[in-house]
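# Fold and geometry: a report
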Amino acid sequence: MNDLANAPKPERQRKPDWIRAKAPTSEGYRETRELMRTLNLNTVCEEAACPNIGECWTKKHATVMILGDTCTRACAFCNVKTGMPRAVDQAEPEHVAEAAAKLGLEHIVITSVDRDDLPDGGAHQFVKVIEALRRTTPSTTIEILTPDFRNKARAAIESIVVAGPDVYNHNIETVPRLYPTILPGARYYASLRLLEDVKSHDPAIFTKSGVMLGLGEERLEVHQVMDDMRCADIDFLTMGQYLQPTPRHTRVIEFVTPQAFSAYGAIARAKGFLQVAASPLTRSSYHAGKDFAEMRAARAVKLAKAGAV
Ligand code: SF4
């Protein structure tokens, strides 16, 4: 036997009691899974091993992951497989629209793997998905959660903005100090800039971003990220606990308590975000429809107040 065979297997980390997820056993869960298989669609819910899948799929809320199931990057936290992706599925935009119609979604979240291999990073596929949704389910509000389109022409991002999603989300993921180890292929300020650009192209689009906590970040670093996001005019902040998907992934440094999440949430609201979601099980797309409705109402109140002055 070689040394590798004798090496101790990395252990799974024990989760605290406050991280409880509903088991995926409901009829709604089975129907959602069946539909995704039939339409040949991937979901980040499954690929990222999201702990909320039982709850979300019971309500038929699935986050579709376009452009395949294989990512060109290898972030230390992410469960999506890395490699050379297959060709883009031309039927995918219509299949996404069909899924939205069959699931009866009032709000849909679309994300993708990183496609550094494509000249536009996959931007055109986002555009085609938005167009298909507008044709098929015009009343469904659309939230996109995109990669950073690093080293791609700005026209790629602009084309998505012109297609007119209701919410443009791009996750900052963690504090800048941890980027070299957690997201070696990304750049903190480039991600902030992307969201700032979206807002300056079309101020009507809501911008959204998220961070994972428990990766070794310091409290004041998180506050600084909030300030940076506000400088980029980001409307909505999500904060959730990082969970190690497999022992091969980066370890959890800290399980942040629900009370600490509440405190972060209060600080974020005081800093002026229109909407904040902060709890151990918060994910970018968790309760996204309800949060979108609240954010839209908050903007209307803010605009009304500004008009009254
Ligand atoms: S939180 Fe988002 S990724 Fe997780 S199961 Fe729900 S919809 Fe899917």
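Placed above this text is the structure.
This text gives an overview of the structure that appears in the document. (Residues numbered from 1 in each chain as written. Predicted model: local features only at pLDDT ≥ 70, side-chain atom pairs only at ≥ 80, totals over all residues. Heavy atoms only, no water.)

Moving on: the site of the ligand. Val44, Cys45, Cys50, Asn52, Ile53, Cys56, His61, Thr63, Arg283, Ser285 and Tyr286 make up every residue found near the ligand. Secondary-structure elements contributing two or more residues to the shell around the ligand are helix H3 (44-47) and helix H4 (53-58). A class-by-class count of the residues in the shell around the ligand yields 6 nonpolar, 4 polar and 1 charged. (Near = heavy atom within 4 Å. Helix = DSSP H or I, 4+ residues; strand = E, 2+ residues; numbered from the N terminus. Nonpolar A, V, L, I, M, F, W, Y, C, P; charged D, E, K, R; others polar.)

Next up on the list: the nonpolar core. One recurring pattern in soluble globular proteins: nonpolar side chains tend to sit buried together. Val96, Ile110, Leu133, Ile160, Tyr168, Met229 and Met239 are the most contacted members of the largest nonpolar core, which totals 78 residues. The dominant element in this core, judged by the number of residues it contributes, is helix H6 (residues 123-136), at 7 residues. Beyond its immediate stretch of four places on either side in the chain, methionine 239 contacts Val211, Leu213, Val222, Met226, Phe261, Tyr264, Ala277, Ala278, Ser279 and Thr282. If you look at the next biggest cluster of nonpolar residues, it comprises 7 residues, including Val167, Phe206, Phe292 and Met295. (Core = buried A, V, L, I, M, F, W, Y, C linked by side-chain atoms within 4.5 Å. Buried < 20%, exposed > 50% of the residue type's maximum accessible area, 1.4 Å probe, protein only. Contact = heavy atoms within 4.5 Å.)

Our next topic: helix H5 (residues 92-103). Spanning 12 residues, H5 covers 16 Å between terminal C-alpha atoms, matching the ideal 16 Å at 1.5 Å per step. For H5, every residue scored as buried is listed here: Glu92, Pro93, Val96, Ala97, Ala99, Ala100 and Leu103. Seen from one end, H5 has its buried residues packed into an arc of 160°, which puts them on one side. If you follow the buried residues of H5, they end up packed against helix H2 (27-38), strand S2 (64-66), strand S5 (107-112) and H6. Two residues or fewer past H5, glycine 104 is found with a positive phi of approximately 65°. (Expected span 1.5 Å × (residues − 1). Arc of directions from axis to C-beta.)

Throughout the structure, instances matching the rule amount to 4 aromatic pairs. Between tyrosine 188 and tyrosine 189, the ring centres sit 4.9 Å apart and the planes meet at 85°, which makes this aromatic pair edge-to-face. Connected via pairs of aromatic rings, a cluster forms that spans Tyr179, Tyr188 and Tyr189. In this structure, arginine 230 is placed above the aromatic ring of phenylalanine 273, and the distance from its NZ or CZ to the ring centre is 5.4 Å. (Phe/Tyr/Trp six-rings, centres within 6.5 Å; stacked < 30°, edge-to-face > 60°. Lys NZ or Arg CZ within 6 Å of the ring centre and 35° of its normal.)

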